[in-house]
Amino acid sequence: MVIEQDVPSTQDDEALLRSVGLRVTAPRLATLAALTARPHASADQLVADVRARLGSVSVQAVYDVLHALNSRGLVQHIEPAGHPARYERRHGDNHHHVVCRTCGAVGDVDCATGHAPCLIPSNDHGFTIDTAEVLYWGTCPSCRTAD
Ligand SMILES: [Zn+2]
Ligand SMILES: [Zn+2]
Ligand SMILES: [Zn+2]
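Residues numbered from 1 in each chain as written. Chains lettered and ligands numbered in written order. Predicted model: local features only at pLDDT ≥ 70, side-chain atom pairs only at ≥ 80, totals over all residues. Heavy atoms only, no water.

## Some points on the coordination of the zinc ion (ligand 2)
- The coordination sphere of the zinc ion (ligand 2), as far as protein atoms go, consists of H40 (NE2), E88 (OE), E88 (OE), H95 (NE2), H97 (NE2) and D108 (OD), spread over 1.9 to 2.7 Å.
- For the zinc ion (ligand 2), the six donor atoms are set out with angles of 52 to 169° between them, so the coordination reads as irregular.
- Counting gaps between the donor residues of the zinc ion (ligand 2) yields the pattern H-x47-E-x6-H-x1-H-x10-D. Pair noted here: E88 is in strand β3 (residues 86-88) and D108 is in strand β5 (residues 106-109), with a separation of 20 residues, a long-range link.
- The class of E88 is buried, set by a relative accessible area of 1%.
- Judged by its relative accessible area of 33%, D108 falls in the partly exposed class. (Donors = N, O, S within 2.8 Å, 3.2 Å for Na, K, Ca; no water. Tetrahedral: all angles 85-135°; square planar, octahedral: opposite > 155°, others 65-115°. Helix = DSSP H or I, 4+ residues; strand = E, 2+ residues; numbered from the N terminus. Buried < 20%, exposed > 50% of the residue type's maximum accessible area, 1.4 Å probe, protein only.)

## Here we look at the coordination of the zinc ion (ligand 1)
- Taken together, the protein donors to the zinc ion (ligand 1) comprise C100 (SG), C103 (SG), C140 (SG) and C143 (SG), at separations of 2.3 Å.
- The site at the zinc ion (ligand 1) holds four donor atoms, and with the angles between them running 106 to 114°, its shape is tetrahedral.
- Between the donor residues of the zinc ion (ligand 1), the gaps in sequence give the motif C-x2-C-x36-C-x2-C. Taken together, the positions of C103 in the loop between β4 (96-100) and β5 and C140 in the loop between β6 (135-138) and α5 (141-145) put the pair 37 residues apart, joining distant regions of the chain.

## Here we look at the sheet that holds strand β2 (residues 76-78)
- Strand order in the open sheet formed by three strands is β1-β3-β2, and the pairing between neighbours is antiparallel. Among the strands making up the open sheet, the edge pair consists of β1 (41-42) and β2.
- Judged from the three bridges that link them, β2 and β3 form a sheet pairing that is antiparallel. Note on β3: the bridge partner recorded for I78 is R86. (Pairing = 2+ DSSP bridges.)

## Looking at the domain arrangement of the protein chain
- Looking at the assigned domains, one finds that the protein chain contains domain 1 (10-78) and domain 2 (92-145).
- Distance from the C-alpha centre of domain 1 to the C-alpha centre of domain 2: 25 Å. (Domains from an automatic or database assignment.)

## Looking at unusual backbone geometry
- With an omega of -15°, the peptide bond between A116 and P117 qualifies as cis.
- Summarising the element assignment, P117 is placed in the loop between β5 and β6.
- For H40, which is not glycine, the phi torsion reads 65° and is therefore positive.
- Its place among the elements puts H40 in the loop between α2 (26-37) and β1.

## A closer look at the layout of surface pockets
- Of the volumes computed, that of the largest pocket is approximately 320 Å³.
- If you go around the largest pocket, you meet 17 residues; those closest to its centre are Q76, I78, H95, T131 and E133.
- Of all elements in the fold, only β2 and β4 reach the threshold of two or more residues within the lining of the largest pocket.
- In terms of residue count, β2 provides more of the lining of the largest pocket than any other element does, three residues in total.
- When its residues are assigned to classes, the lining of the largest pocket shows six nonpolar, eight polar and three charged. (1 Å grid on protein atoms, 1.4 Å probe; cavity = no way out; pocket = protein on both sides within 12 Å on 5 of 7 lines; lining within 4 Å. Points joined across faces, edges and corners; volume = space filled by probe spheres on them. Nonpolar A, V, L, I, M, F, W, Y, C, P; charged D, E, K, R; others polar.)

Structure follows, in structure tokens:
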């Protein structure tokens, strides 16, 4: 009997990297593990997390890893206006995000319909619409109580 794990093991991540034609390297594995532990991490947070796992790693090395993972579809990122880009492993399910205006905290919001585009524009200007990017802006519970 196979017990399903929510958290991918290092071996799973090695297989994942190979499945998309990427070499298995320590910075790539550490970045994937850091993103599992901290979804919606900024690049700065990832640099700190990867350094905590590996010791010294250059900022550029982590950006290179993110670029490689992004281009192979293993991670995606969102760019909330006024806040640094956030990276995550969850992708392909058309989920949306809630963002705190004050501190930039980000949470996942499942798409109500589950497939893109989940909103029908009142005027599509003749375009073929494939995606609706939904960001819910507001104030998170800890910022609200800080007032
Ligand atoms: Zn907040
Ligand atoms: Zn997300
Ligand atoms: Zn949706």
